[in-house]
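Chain residues, written in single-letter form:
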Amino acid sequence: MQFESDCALKPTMFYPRMLPPPLLSGTLYLVATPIGNLEDITLRAIRTLRECNLIAAEDTRRTKQLLKAHNISNKIVSCHQFNEAKRSQKILDLLENKQTIALVSDAGTPGISDPGERIISIVIKAGYRVESVPGACALTTALPASGLPTKEIHFVGFPPHKSGGRKKLMDSLTSVPGTICFYESPHRICKLLGELQSQWPESEVVLARELTKKFEQFLRGSPRELSEYYEERKPRGEFVVLVHRP
Ligand code: SAM
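Being a predicted model, the structure only gives us computed values, none of them experimental. (Residues numbered from 1 in each chain as written. Predicted model: local features only at pLDDT ≥ 70, side-chain atom pairs only at ≥ 80, totals over all residues. Heavy atoms only, no water.)

1. Topic: the overall build of the protein chain
Going by this rule: Here a helix means four or more residues in a row that DSSP labels H or I, a strand means two or more in a row labelled E, and each is numbered from the N terminus. Each residue gets one of three labels from its accessible area relative to the maximum for its type: buried under 20%, exposed over 50%, partly exposed in between, using a 1.4 Å probe on protein chains only. All accessible areas in this document rest on Shrake-Rupley with a 1.4 Å probe, and a residue is counted as covered only by the protein chains that are shown. His is not counted, nor are the chain ends; Lys and Arg add positive charge and Asp and Glu add negative charge. Every charge is mapped onto a representative atom, which is NZ of Lys, CZ of Arg, CG of Asp or CD of Glu.
Helix and strand counts for the protein chain come out as nine helices and ten strands. Considering only C-alpha atoms, the protein chain reaches an extent of 55 × 40 × 35 Å along its principal axes. Burial status across the protein chain gives 45% buried among its 246 residues. Here the protein chain has roughly 13800 Å² of accessible surface; of this, 54% comes from carbon and sulfur atoms. In the protein chain, 33 side chains carry a positive charge and 27 a negative one; their mean positions are 5 Å apart.

In structure tokens, the structure reads:
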């Protein structure tokens with residue numbers, strides 16, 4: 001069994017007039033960044049990005065834009081699915097040398113449906129400290145505004161690309177209770193609506209599109225109604241798909 005040290009007490013919460021504490025050495029900070037609106041970032045996230053020894057970013061160009069918007073200059077390295085083995089080792093070496101590292105994904109919370117998930121697991125297994133700096137996440141942004149029940153949810157993330165895998169997934173979800181939440185690309189949104197139509201034609205579906213951005217939109221209806229909507233339009237942007245079955 002592994003126990004985490006308790007020294008991550010957040011004094012800012014208890015002593016609001018004191019300066020926030022320095023980052024803890026040898027820690028990987030999971031820093032949530034905006035999913036569209038650049039204002040959706042916490043004070044702690046900004047300070048962590050400013051004060052850490054290194055930022056490991058899924059897309060350095062995107063993170064540089066964010067840093068520029070908040071007047072932060074710091075060292076960045078790329079850390080994505082194609083170099084994660086090499087990068088994980090570098091991150092472990094730096095943590096061993098008591099460095100502080102901020103892990104950021106393209107958008108939202110690192111580790112939720114992105115390559116951060118594997119890096120975080122490697123760091124925890126190697127025995128180093130990991131701390132979340134919470135903030136925006138597409139799932140938690142979409143869910144409350146969907147109006148669907150939030151008491152029990154089942155987050156799927158991205159369904160597989162291949163039809164066989166998708167069918168297997170849909171069948172396995174039949175016995176799962178609660179609101180089902182998917183991430184899906186605009187290229188496959190119509191395919192997913194077709195699958196929902198065959199599996200649960202009576203379900204209520206919410207497409208949460210372009211959250212926090214200029215063209216944010218919530219489309220609500222049955223799978224058939226939403227499929228019809230997209231017969232006349234090309235799906236664009238980023239989607240969270242939420243499904244409530246009767
Ligand atoms: N780590 C991210 C998070 O915290 O939500 C998710 C990363 S995943 C690679 C990207 C997917 O999240 C998109 O394909 C889409 O399904 C969803 N997503 C991200 N930003 C979104 C937005 N602004 N509006 C709707 N969905 C979004």
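Still more ground to cover, so stick around.
2. Concerning the site of the ligand
Note the threshold: We define proximity as follows: a residue is near a molecule or strand when any one of its heavy atoms falls within 4 Å of that partner. Whenever a nitrogen or oxygen atom comes within 3.5 Å of another N or O atom, the pair is scored as a polar contact, on the condition that within protein one atom can donate a hydrogen and the other can accept it, and that pairs from neighbouring residues in sequence are kept only if both atoms are in side chains. In the scheme used here, Gly and all other residues not listed as nonpolar or charged are polar, with Ala, Val, Leu, Ile, Met, Phe, Trp, Tyr, Cys and Pro taken as nonpolar and Asp, Glu, Lys and Arg as charged.
Lining the immediate surroundings of the ligand are 19 residues, of which T109, A138, Y183, L211 and F239 lie closest. Here A138 contributes a backbone N or O atom positioned 2.9 Å from an oxygen atom of the ligand. Considered on its own, the ligand offers 570 Å² of accessible surface; in the complex 90% of this is hidden by protein. Here the shell around the ligand is built from residues that sort into eleven nonpolar, three polar and five charged.

3. Some points on unusual backbone geometry
One non-glycine residue, S113, lies in positive phi territory at about 55°. Tracing the chain through its elements places S113 in the loop between β4 (101–104) and α5 (116–125). S113 gets classed as partly exposed once you look at its relative accessible area, which sits at 30%. Positive phi, normally seen in glycine, also occurs at E210, with a value near 55°. By secondary structure assignment, the location of E210 is in the loop between β8 (204–209) and β9 (217–221).

4. Things to note about the sheet that holds β9
The condition is simple: At least two bridges found by DSSP between two strands are what make those strands a pair. Angles shown run from 0 to 180 degrees and are taken between the N-to-C directions of axes, each axis being a line fitted to C-alpha atoms and, for helices, limited to the stretch in contact.
Spatially, β6-β7-β10-β8-β9 is the arrangement adopted by the five strands of the open sheet, whose pairing is mixed. Edge positions in the sheet fall to β6 (153–157) and β9, since each of these pairs with one other strand and no more. Between one strand and the next, the sheet's axes are offset by a mean angle of 15°, whatever the strand orientation. Relative to strand β7 (residues 179–184), β6 is paired through four bridges, and the arrangement is parallel. Within the sheet, the bridge partner assigned to H154 lies in β7 and is I180.

5. Structural notes on the pairing of strand β1 (residues 27–31)
With five of its five residues buried, β1 lies for the most part within the structure. Residues T27, Y29 and V31 of β1 are buried on one face, and the alternating residues L28 and L30, pointing to the opposite face, are buried as well. As paired elements, β1 and strand β5 (residues 129–133) share five bridges and run parallel to each other. By the bridge assignment, V31 is partnered in β5 with V133.

6. Side note on the side chain of S105
Here is the rule: Throughout, a contact is declared for two residues whenever any of their heavy atoms are within 4.5 Å.
Mapped onto the elements of the fold, S105 is located in the loop between β4 and α5. A polar contact of 3.1 Å, which involves the side chain of S105, links it to the backbone oxygen of A107. One polar contact links S105 to D114, side chain to side chain, over a distance of 3.3 Å. Ignoring sequence-local partners within four residues, the contact set of S105 consists of T33, E58, P110 and D114.

7. Observations regarding the nonpolar core
For clarity, the cut-off: Take the buried residues of types Ala, Val, Leu, Ile, Met, Phe, Trp, Tyr and Cys, join any two whose side-chain atoms come within 4.5 Å, and each joined set is a nonpolar core.
With 19 residues, the main nonpolar core has L173, F182, L196, V205, L207, V241 and V243 as its most contacted residues. Of all the secondary-structure elements, those providing two or more residues to this core are α7 (163–173), β7, α8 (189–199), β8, α9 (223–231) and β10 (239–244). For this core, the leading source of residues is α8, giving four residues.

8. Section: the domain arrangement of the protein chain
The following threshold applies: An automatic or database domain assignment provides the domain bounds reported here. Joining two parts hides part of their accessible area as seen by a 1.4 Å probe, and the buried area is that hidden amount summed over both. Every case where a carboxyl oxygen of Asp or Glu lies within 4 Å of a side-chain nitrogen of Lys or Arg is listed as a salt bridge.
Under the domain assignment, the protein chain is made up of domain 1 (27–133) and domain 2 (138–244). Summarising the inter-unit geometry, the C-alpha centres of domain 1 and domain 2 are found 28 Å apart. Contact residues are listed per partner, giving six residues for domain 1 and nine residues for domain 2. Between domain 1 and domain 2, a total of about 560 Å² is buried, with carbon and sulfur atoms accounting for 60% of that surface. The largest contributions to the domain 1 side of the interface with domain 2 come from I35, I112 and S113, which together make up 74% of the buried area. Applying the counting criterion to the domain 1 and domain 2 interface returns zero salt bridges. On inspection of domain 1 and its partner domain 2, the count reaches two residue pairs in polar contact (both at pLDDT 80 or more).

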